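# A look at the structure
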Amino acid sequence: MGLQRRAQLHGFWQSMIIMMCVIIGVLIGGCGSNDTATGSKILHYGTTAYGPAMENAGLNPHESYQGWSAVRYGVAETLVRFNDAMEVKPWLADSWQFVDAHTVKLHIRDKVTFSNGKPLTAEAVKANFEDLLAVHNRAPKDLGIQAMQADGQYLTIRSANPATVLLTYLADPYSAIIDVSEKPKDGLYIGTGPFKATKVTEKSVSLVRNDSYWGGKPKLDGVEVVRITEGDTLTMALQKGDIDVAQGLPYSSLDLFKDTKAYTISSMPTSRVYQVAFNFDSPAMQDKAVREAIAMSIDKTQFADVLLKGNGLAAVGPFPSNTALGHMKLTAPAYNIEAAKKLLADAGYRDTDGDGYVDKNGRPLTVRWLTYTSRQELPVLAEAAQATLKEVGIKVEVNATDAYRSVLKQGNYDVFAKAFVTAPTGEGSYYFKTNVLADAVDNVGHYNNPRIQELMAQLDQTTEPAVRQAIFQEMTQTVLDDAAFIYVAHLKMNLVMKHKVVNFKASPTDYYELNKDVDM
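Along each chain, the written sequence defines residue order, and numbers are assigned to residues from 1. Under the rules for a predicted model, residues below a pLDDT of 70 receive no local features and side-chain atom pairs below 80 are neither given nor counted, while totals for whole chains, interfaces and linings still include all residues. Calculated side-chain values reflect all of the structure's heavy atoms, with hydrogen atoms and water omitted.

As annotated in an unreviewed UniProt entry, the protein chain is ABC transporter substrate-binding protein from Veillonella seminalis.

Spelled out as structure tokens, the structure:
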């Protein structure tokens, strides 16, 4: 984006920020602390990570990624969960045993009730999973459930997957348990968590304490979650005291909250990667030389160290190098403008009309770069790519829209850049089953390599960790050799809050936030 265009937009965005602050004040009541009228402790939480663009606007774990919101906001819980070391720990199931390599028998915790007072039984859990498997777009393949048997508080599940892998998928937010015997009213799904919803919209969630919570009385009386996607608006809302906690602040704003007497910053490395997927249905992207040249033109280090202010780590593959999954020896195209130019020249691309951009057979090489704005760093990545690709002679047309799903369906894009948590269950197969397999729901680039399918079939029959890791490495290197994706950087998660807020902490999974101990 040129400097003149930036100047034109500056005044517009300043006006929009002021308008948004007024709207946010209306949405959250301008409190940001104890409600003086009632003496209640209501936490006001501003976040960029809720809304239609993330497919998590709502609290139904059985629809798209809404389970992330149900778990994040303390409405629903899973049978097992992860600690910060990504080890599986009990939650609604307090113990389990492996019957055989593909079967696990779980004991459902006694004396747990849904927030409507109904008891949590193995039969209720089974009914929940039956509904999930009938309607969800990812869960059936991930879980691979072949049979379930409920007996009192015991639920036995047999899966096509190794039982150890099944256990990790039971911690995925779509596996959160809700009461399916009761039809929800106005999107108010019933879970077992420390909070229950009183109002749900695409922009906000209102929560009250679940007084019958099995884990003990929650310390907060309620929570108001509001979506604030504009970075400056979110920053001002926290500075003014309109909100108590902010998720997704621009990295450039973090220095404003370094006063430890006034604010607390909770940070955690995550497996959320900024990735670029090539559209293999696009004629221009079918040329591997073009894909490799684009990959060589992305300055990952500058993006992570400069544009993300050091809050990211330059990536090679989908998994962070500081995790067990990321311990791989991989090779990928390095940032090299001159090498990228040579690749294009060798493939027959020349600037024949002197406009600064290459063409071939009379057709200019123009990349339609699709992304969205609700992750504030994605438009920044698009601008950076636009600048470096111009040096190579590739014109980039950026389409940053939260209505990206319709563009994907129409096929009007060459690359799609997004942020994705690659290992929310601590299990590498999750990423490949959601993004890389030919029929994966998020394989928007229509990438298809039979070798990947073969390796996944081997993986599904393998339980030995070292063998599984070797398969993950071969799958990842295959993807990189095919230049199917560019893995740009892994994100550090930051939650910024008023100093009085306690026990609100970032987690490596990116979906554990509100709990009974959060207080202020």
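The term nonpolar core refers to a set of buried residues drawn from Ala, Val, Leu, Ile, Met, Phe, Trp, Tyr and Cys, joined through side-chain atoms within 4.5 Å. Exposed residues in this analysis have more than 50% of their type's maximum accessible area, buried residues have under 20%, and partly exposed residues fall in between, with area computed by a 1.4 Å probe over protein chains only. Of all hydrophobic cores here, the largest spans 132 residues; its most connected members are Phe129, Ile157 and Trp369. Secondary structure elements are defined from DSSP: runs of H or I of at least 4 residues count as helices, runs of E of at least 2 residues count as strands, and each element is numbered from the N terminus. Here this core gets seven residues from one element, more than from any other, and that element is strand β20 (residues 485-498). Residues from two domains meet in this core; each of domain 1 (75-175) and domain 2 (270-492) gives at least three. Not counting chain neighbours up to four residues away, the residues in contact with Phe129 comprise Leu79, Met148, Leu155, Ile157, Leu170, Ser175 and Ile177. Here the limits of each domain have been adopted from an automatic or database domain assignment. Should any heavy atoms of two residues lie within 4.5 Å, those residues are considered in contact.

To continue, consider empty space enclosed by the protein. Both cavities and pockets are sets of points on a 1 Å grid over the protein atoms alone; in a cavity a 1.4 Å probe fits but cannot get out, in a pocket the set is open with protein on both sides within 12 Å along at least five of seven lines, and lining residues sit with an atom within 4 Å of a point. Grid points are joined across faces, edges and corners, and a volume is the space filled by probe spheres set on the points. By the definition in use, this model includes five cavities of 30 Å³ or more. Space inside the largest cavity adds up to approximately 330 Å³. Every residue lining the largest cavity is counted, 22 residues in all, and those nearest its centre are Met54, Tyr65, Arg272, Ala419 and Phe420. Among the elements of the structure, α2 (66-72), α11 (404-410) and β19 (415-421) are those that each provide at least two residues to the lining of the largest cavity.

This brings us to the packing of aromatic side chains. Within 6.5 Å between ring centres, the rings of Phe, Tyr and Trp (the latter by its six-membered ring) count as paired, and their orientation is classed by plane angle as stacked under 30 degrees, edge-to-face over 60, tilted in between. According to the stated counting rule, one finds 22 aromatic pairs in the structure shown. The interplanar angle of 80° and the centroid separation of 6.3 Å between the aromatic rings of Tyr45 and Tyr73 together place this pair among those described as edge-to-face. With a gap of 28 residues between them, Tyr45 in strand β2 (residues 40-47) and Tyr73 in the loop between α2 and β3 (80-82) connect regions that are remote in the sequence. Per residue, the accessibility class of Tyr45 equals that of Tyr73, and both read buried.

With that out of the way, let us pick up the pattern of salt bridges. Should the charged atoms of two oppositely charged side chains come close, the side chains can pair. Between Lys or Arg on one side and Asp or Glu on the other, a salt bridge is scored when a side-chain nitrogen of the former is within 4 Å of a carboxyl oxygen of the latter. Scanning the entire structure with this criterion turns up 26 salt bridges. Measuring nitrogen to oxygen at the nearest pair gives 2.9 Å for the salt bridge that ties Arg468 to Glu427. Taken together, the residues Arg468 in helix α14 (residues 465-481) and Glu427 in the loop between β19 and α12 (429-436) connect sequence positions 41 residues apart. In this structure Glu427 comes out as buried when scored by relative accessible area, which is 9%.

This part covers the UniProt feature "domain: Solute-binding protein family" (unreviewed entry) in the protein chain. UniProt positions are given in the numbering used here, feature names are shortened, and annotations may be inferred rather than shown by experiment. Here the UniProt feature "domain: Solute-binding protein family" (unreviewed entry) sits at residues 87-432. Structurally, residues 87-432 is divided into 26% helix and 27% strand, and its ends, taken at the C-alpha atoms, are 21 Å apart.

Now for the environment of Met497. Tracing the chain through its elements places Met497 in strand β20. Residue classification places Met497 among the buried residues on the basis of a relative accessible area of 1%. Each C-alpha atom of the pair Met497 and Ile243 lies 8.5 Å from the other, and the pair is 254 residues apart in sequence. Sequence-distant contacts of Met497, defined by excluding residues within four places in its chain, comprise Asp244, Val245, Ala262, Tyr263, Thr264, Ser266 and Phe504.

With that settled, consider the environment of Ser429. The topology assignment puts Ser429 in helix α12. For the pair Ser429 and Met296, spaced 133 residues apart in sequence, the C-alpha separation works out to 27 Å. Setting aside anything within four residues of it in sequence, one finds Ser429 in contact with Val165, Tyr169, Met456, Leu459, Arg468 and Phe472.

Structurally, the protein chain comprises domain 1 (75-175) and domain 2 (270-492). Residue-level contacts link 14 residues of domain 1 with 16 residues of domain 2. For the pairing of domain 1 and domain 2, the buried interface totals around 1200 Å² over both sides, and the portion due to carbon and sulfur atoms is 54%. Two parts lose some accessible area (1.4 Å probe) when they are put together, and adding that loss for both gives the buried area. Among the residues domain 1 hides against domain 2, the three largest losses belong to Arg138, Lys141 and Tyr169. Together they make up 33% of the total. Between domain 1 and domain 2 we count one salt bridge in total. The residue Lys141 makes a salt bridge to Asp439 at a minimum N-O spacing of 2.3 Å. As used in this structure description, the phrase polar contact means that two N or O atoms lie within 3.5 Å; if the pair is within protein, one of them must be able to donate a hydrogen and the other to accept it, and residues adjacent in sequence are counted only when both atoms belong to side chains. The tally of links between domain 1 and domain 2 comes to five residue pairs in polar contact (both at pLDDT 80 or more).

Any two strands with at least two DSSP-identified bridges between them are counted as paired. With six bridges joining them, strand β17 (residues 366-371) and strand β18 (residues 395-400) adopt parallel strand pairing. Each bridged residue has a counterpart across the sheet, and for Leu370 the counterpart in β18 is Asn399.

A separate point is the layout of surface pockets. Here the second largest pocket is characterised by a volume of approximately 910 Å³. Here the residues of the lining of the second largest pocket are counted per class, giving 19 nonpolar, 16 polar and five charged. Here the lining of the second largest pocket gathers at least three residues from each of two domains, domain 1 (75-175) and domain 2 (270-492). Under the scheme applied here, ten amino acids are nonpolar (Ala, Val, Leu, Ile, Met, Phe, Trp, Tyr, Cys and Pro), four are charged (Asp, Glu, Lys and Arg), and all others, including Gly, are polar.

This brings us to the side chain of Thr78. Relative to the helices and strands, Thr78 resides in the loop between α2 and β3. With a relative accessible area of 1%, Thr78 lands in the buried category. Here the side chain of Thr78 touches Val80 through a polar contact of 2.6 Å, landing on its backbone oxygen. Setting aside residues up to four positions removed in sequence, Thr78 forms contacts with Trp91, Leu92, Leu170, Ala171, Asp172, Pro173, Ser175 and Ala176.

So, on to the packing of helix α9 (residues 337-346) against helix α10 (residues 377-392). Here, axes are lines fitted to C-alpha atoms. For helices the fit covers the stretch in contact, and angles between N-to-C directions go from 0 to 180 degrees. Packing of α9 against α10 leaves a shortest axis separation of 9 Å and a crossing angle of 55°. As the angle between them shows, α9 and α10 are arranged oblique. As α9 runs across α10, the sense of the crossing is right-handed. For the pair formed by α9 and α10, the contact residues are Ile337, Ala340, Lys341 and Leu344 on the first element and Thr388, Glu391 and Val392 on the second. Among the residues making up the contact of α9 with α10, the classes are represented as four nonpolar, one polar and two charged. The cut-offs work like this: below 35 degrees is roughly parallel, past 145 is roughly antiparallel, 65 to 115 is roughly perpendicular, and the gaps in between are oblique. In this scheme, a crossing is called left-handed if the near helix is turned counterclockwise away from the far one by less than a right angle; it is called right-handed if the turn is clockwise.

Another point: the confidence of the model for the protein chain. By definition, pLDDT measures how confident the predictor is in each residue, and it falls between 0 and 100. Residues with a pLDDT of 70 or more make up 93% of the protein chain, whose mean pLDDT is 92. Long-range and interchain partners of residues 1-24, a stretch whose pLDDT sits below 50, account for 20 contacts in this model, where long-range means more than four residues apart.

Time to look at the packing of helix α7 (residues 288-296) against α9. Running from amino to carboxyl end, α7 crosses α9 at an angle of 165°, the nearest separation of the two axes being 8 Å. Judged on the interaxial angle alone, α9 and α7 are roughly antiparallel. In this structure, the crossing between α7 and α9 has a hand that is left-handed. Here Ala289, Val290, Glu292, Ala293 and Met296 of α7 lie close against α9, whose contacting residues are Ile337, Ala339, Ala340, Leu343 and Leu344. Of the residues that constitute the contact of α7 with α9, the class distribution is nine nonpolar, no polar and one charged.

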